[in-house]
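Understanding the architecture of this molecule
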Amino acid sequence: MGVSNGSTLLAEEGKNKTCADKCSFSDHRQLSHYLSLLCFLLTIITLLLTLCLVQITSLFQSQLAVQKNKLSDVTSRLEKQSQSYRLLFSQYPALNQYCSVSNSTTGERRCSSCPAGWIPKGEKCFLFSQDRADWISSQYRCMTQGGALVRVSTEEEQEFLWSKAQSLSQGDSYWLGLRSSGGQGGWRWSDGSLLEKGPQFWAREPDKSDSRELCGRLTPGDKYVKTWFVSRCSGQVRRICERRKATLQ
Ligand SMILES: *[C@@H]1O[C@H](CO)[C@@H](O)[C@H](O)[C@H]1NC(C)=O
């Protein structure tokens, strides 16, 4: 039993040995086969990647060229724009009044239909002064700024002037463009038109028999009505100037 077992073991061993030799030989061949296949694949992949990279690079370069073209186009258009902008302001200096430089570093301008310091409302611009003067001097000062003492044409305008005056006046009064030369002349706006034709907001109806030269002022109270007062024209109060908004007509 032991003998027979031993002989079979030997035989098995011989068989294994021959297989080990043969098998390792075929394994090597297979391995080298696989390796060369792997190498081949790697080469292909590398080639493809390179191709991709070249494609991407050329794509980027063409994109970059397009962007550069656009940029130089925009730059030249901007240059032309600012040339005509400078020309406009040198030929029409009055524009500086309406489009003042808001940033001295960049030269940026901000345009408004009213000059700096004037408040826009409706078709007009209004200036509420802080200094005081008599009526004639006040009218003169408005005129040197291209305006005139205010003429109140509508109730809406009166309400607006009253609310502004109330917030700015600090208890002071403002000259209106209202004057009476006394007697039959009646009350007129400084442009010569009769007051009778428009709305009136007197605190007390003026005495028609008074023959003195008198002027009208606005003293803001709690309501926008009854805020006009008859006053001696030599009185020193603030003023409200008006002028037309800028138009290109
Ligand atoms: C002016 O413009 C520059 C650049 O845009 C900005 O940094 C600066 O704050 C501006 N100055 C004023 C007073 O607005």
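Looking at an unreviewed UniProt entry, the chain carries the name LOW QUALITY PROTEIN: C-type lectin domain family 1 member A-like, with the source organism given as Scomber scombrus.

1. Brief notes about the overall build of the chain
Within the chain one finds four helices and 10 strands. In the chain, the order of α-helices and β-strands from amino to carboxyl end is α-α-β-β-β-β-α-β-α-β-β-β-β-β. Once local pairs closer than 6 in sequence are excluded, the contacts in the chain between residues at least 24 apart make up 68%. When the accessible surface of the chain is summed, it comes to about 17900 Å², and 58% of that surface belongs to carbon and sulfur atoms.

2. A word on the state of the cysteines
Applying the stated criterion to the full structure yields four disulfides. Between the sulfur atoms of C114 and its disulfide partner C125 the distance amounts to 2.1 Å. Measuring the twist about the S-S bond at about -85°, one finds the C114-C125 disulfide to be left-handed. Here C114, found in the loop between β2 (108-111) and β3 (119-121), pairs with C125, found in strand β4 (residues 124-128); they are 11 residues apart in sequence, far enough to count as distant.

3. Observations regarding unusual backbone geometry
Positive phi outside glycine occurs at Q170, with the angle close to 55°. Mapped onto the elements of the fold, Q170 is located in the loop between α4 (155-168) and β6 (174-180). On the accessibility criterion, Q170 (73% relative accessible area) is exposed. Unlike most non-glycine residues, K226 shows phi in positive territory, near 55°. Mapped onto the secondary structure, K226 falls in the loop between β8 (214-218) and β9 (228-232).

4. Observations regarding the pattern of salt bridges
According to the stated counting rule, one finds 13 salt bridges in the structure shown. Here R141 and D131 are joined by a salt bridge, their closest N and O atoms 2.5 Å apart. Taken together, the positions of R141 in helix α3 (residues 135-144) and D131 in the loop between β4 and α3 put the pair 10 residues apart, joining distant regions of the chain. On the basis of relative accessibility, which here comes to 32%, the residue R141 falls in the partly exposed class. Among the salt bridges present, the one from R151 reaches D191, with a minimum N-O distance of 2.8 Å. Of this pair, R151 sits in the loop between β5 (148-149) and α4 while D191 sits in the loop between β7 (187-189) and β8; the two residues are 40 residues apart in sequence, bridging distant segments of the chain. For R151, a relative accessible area of 29% gives the class partly exposed. Residue D191 is classed as exposed on the basis of its relative accessible area of 53%. Overlapping salt bridges, with partners in common, bring together K124, E157 and E242 in one network.

5. Considering the nonpolar core
L161, L176, L178 and W228 are the most contacted members of the largest nonpolar core, which has 21 residues in total. When residues of this core are traced back to their parent elements, those giving at least two are β4, α4, β6, β7 and β8. A total of four residues in this core trace back to one element, the largest contributor, which is α4.

About the thresholds
Residues numbered from 1 in each chain as written. Predicted model: local features only at pLDDT ≥ 70, side-chain atom pairs only at ≥ 80, totals over all residues. Heavy atoms only, no water. Helix = DSSP H or I, 4+ residues; strand = E, 2+ residues; numbered from the N terminus. Contact = heavy atoms within 4.5 Å. Areas by Shrake-Rupley, 256 points an atom, 1.4 Å probe, with all protein chains shown as cover. Disulfide = S-S within 2.5 Å. Buried < 20%, exposed > 50% of the residue type's maximum accessible area, 1.4 Å probe, protein only. Salt bridge = Lys/Arg side-chain N within 4 Å of Asp/Glu carboxyl O. Core = buried A, V, L, I, M, F, W, Y, C linked by side-chain atoms within 4.5 Å.

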